[in-house]
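Spelled out from the first residue to the last, the chains are:
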Amino acid sequence: MKFFYNPGSSNSRRAEAVIRHLGLEGVEMVLLNHMAGEHRTPEFQAINPNFKLPALQDGDFTLWESNAIMQYLADGSPLFPADPQVRADIPRWQFWTSFNFGPTTAALLFENTFKEALGMGTPDPAVVAAETQKLETFSKLLDQHLEGREYLVGDSLTLADFAVCAEMSFNAIGNLDFSAYPNLTAWEKRLDALPAWQQTVIQLQG
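Just so you know, these numbers come straight off a predicted model, no measurement behind them. (Residues numbered from 1 in each chain as written. Predicted model: local features only at pLDDT ≥ 70, side-chain atom pairs only at ≥ 80, totals over all residues. Heavy atoms only, no water.)

A. Spatial organisation of the overall build of the protein. Within the protein, the secondary structure is distributed over 8 helices and 4 strands. Overall, the protein shows an N-to-C arrangement of helices and strands of β-α-β-α-β-β-α-α-α-α-α-α. Taking 2.2 N^0.38 as the reference for a compact globule, 206 residues should give roughly 17 Å; the C-alpha atoms of the protein span a radius of gyration of 17 Å, in line with that estimate. Along the first, second and third principal axes, the C-alpha atoms of the protein reach 45 × 45 × 25 Å. Counting across all 206 residues of the protein, residues that qualify as buried make up 46%. Taking all contacts inside the protein whose residues are at least 6 apart in sequence as the whole, residues at least 24 apart take part in 66%. Entry remark: accessible area of the protein is about 10400 Å², with carbon and sulfur atoms responsible for 52%. (Helix = DSSP H or I, 4+ residues; strand = E, 2+ residues; numbered from the N terminus. Rg over C-alpha atoms; globule rule 2.2 N^0.38 Å. Buried < 20%, exposed > 50% of the residue type's maximum accessible area, 1.4 Å probe, protein only. Contact = heavy atoms within 4.5 Å. Areas by Shrake-Rupley, 256 points an atom, 1.4 Å probe, with all protein chains shown as cover.)

Spelled out as structure tokens, the structure:
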């Protein structure tokens, strides 16, 4: 089995954390450099026609989309257990972060950090204001949900935690301020203490 990833990607991080946490020694880690275009080759297109990371190859079976990869790798484990309500609740948070929390943190990261660095102009105040308002709404929702909880689903760590927390990987450089949400920041610190999460700390590279 091969896992194609890049450590500068929050999508890669959430799936890589599953591999590290479960100790899946049979997975070959294949690092691809975005800046060198290593994800734009015909060989990788055969694995993911979207040319995006991460991707998984298990024999003749290929899989893309980080949340799908997470579920495939963790099936039946404590991260994605068999209980039908838990298995419904975990994807609920994966979908939520993919369509709400994630796009907002990504937009702010782009405006506050990468836009000028890529020579695309300065941050757009209107966009920053709108996305900051969204971030406050989503952060408040998370903070309220985490009141009295250690993890997002049930009483233990699941895929939901890795999926959502991955979007907070660039807090400092993206000017993402979560200090007004004590439950959210305490939860993030709990994940930061996990060896698997520490092993996947994102570096800004290709």
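B. How the structure looks around the packing of aromatic side chains. Per the stated rule, a full pass over the model turns up 8 aromatic pairs. Measuring from ring centre to ring centre gives 5.7 Å for Trp96 and Phe138, while their planes differ by 85 degrees; the resulting arrangement is edge-to-face. You can see Trp96 sitting in helix H4 (residues 84-117) and its partner Phe138 sitting in helix H5 (residues 125-145), a full 42 residues away along the chain. Assigned by exposure class, Trp96 and Phe138 land together as buried. (Phe/Tyr/Trp six-rings, centres within 6.5 Å; stacked < 30°, edge-to-face > 60°.)

C. Examining the pairing of strand E4 (residues 61-64) more closely. With 4 bridges joining them, strand E3 (residues 55-58) and E4 adopt antiparallel strand pairing. Across the sheet, Gln57 pairs through a bridge with Thr62, a residue of E4. Between the end of E3 and the start of E4, which pair antiparallel, lie 2 residues, with Gly59 showing a positive phi angle near 65 degrees. (Pairing = 2+ DSSP bridges.)

D. The packing of helix H1 (residues 10-22) against helix H3 (residues 66-74), seen in detail. Remark: H1 packs on H3, axes separated minimally by 9 Å, with the N-to-C direction vectors making an angle of 10 degrees. Classified by the angle their axes make, H1 and H3 are roughly parallel. Between H1 and H3, the contacting residues are Asn11, Arg14, Ala15, Val18, Ile19 and Leu22 on the first element and Ser66, Asn67, Ile69, Met70, Leu73 and Ala74 on the second. Its residues assigned to classes, the contact of H1 with H3 shows 8 nonpolar, 3 polar and 1 charged. (Axes fitted to C-alpha atoms, helices over the stretch in contact; angles between N-to-C directions. Parallel < 35°, antiparallel > 145°, perpendicular 65-115°, else oblique. Nonpolar A, V, L, I, M, F, W, Y, C, P; charged D, E, K, R; others polar.)

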